[in-house]
Amino acid sequence: MNGFDQPVTAAVLKLAAAWPGCLSDLTGAAPERHPDFRRFVAPLREAGSPVQLRTNLTARCLKGGAKLPFRRRPLKKIPLSP
């Protein structure tokens, strides 16, 4: 999500709203560490998109990395080896 600025995330959210139920697969460069991760994922889920997070487990060892959002409504997490 490093390349995801506000216009890109807005376009993705618009697409997800047009295609409810399509899987949103987030991957690359530890997307859960992006500062807008929660603000991006919440509307995807509200639009009915299942969200899958491909996470590098080493990123979870970094400061704040263990605090993945949405504990009440867990994301499907797919661990990737470094």
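Before reading further, recall that the structure is shown in the block above.
Residues numbered from 1 in each chain as written. Predicted model: local features only at pLDDT ≥ 70, side-chain atom pairs only at ≥ 80, totals over all residues. Heavy atoms only, no water.

Participant: Explain the packing of helix 1 (residues 6-18) against helix 2 (residues 37-46) residue by residue, including any values.
Facilitator: Following both chains from N to C, one finds helix 1 and helix 2 inclined at 15°, their axes separated by 9 Å at the closest point. Between helix 1 and helix 2, the interaxial angle falls into the category roughly parallel. Here helix 1 runs over helix 2; the crossing is right-handed. Side by side, helix 1 and helix 2 meet where T9, V12, L13 and A16 of the first sit next to F40, P43 and L44 of the second. A class-by-class count of the residues in the contact of helix 1 with helix 2 yields six nonpolar, one polar and no charged. (Axes fitted to C-alpha atoms, helices over the stretch in contact; angles between N-to-C directions. Helix = DSSP H or I, 4+ residues; strand = E, 2+ residues; numbered from the N terminus. Parallel < 35°, antiparallel > 145°, perpendicular 65-115°, else oblique. Left-handed = near helix turned anticlockwise from the far one by under 90°. Contact = heavy atoms within 4.5 Å. Nonpolar A, V, L, I, M, F, W, Y, C, P; charged D, E, K, R; others polar.)

Participant: Report on the pairing of strand 2 (residues 51-56), specifying residues and quantitative values.
Facilitator: Two strands pair when backbone bridges link them, and strand 1 (residues 24-26) and strand 2 are joined in this way by three bridges, in the parallel orientation. Paired with L26 across the bridge in strand 2 is L53. Between the parallel pair strand 1 and strand 2, the chain is carried across by helix 2, and the sense of this crossover is right-handed. (Pairing = 2+ DSSP bridges. Right-handed = clockwise from strand over helix to strand, strands pointing away.)

Participant: Can you break down the nonpolar core residue by residue, with the values?
Facilitator: Buried together is how nonpolar side chains tend to be arranged in soluble globular proteins. Membership of the largest hydrophobic core is limited to eight residues, which are A16, L26, F37, F40, V41, L44, V51 and L53. Broken down by secondary-structure element, the contributors of at least two residues to this core are helix 2 and strand 2. Among the elements that take part in this core, helix 2 stands out by supplying four residues, more than any other. (Core = buried A, V, L, I, M, F, W, Y, C linked by side-chain atoms within 4.5 Å. Buried < 20%, exposed > 50% of the residue type's maximum accessible area, 1.4 Å probe, protein only.)

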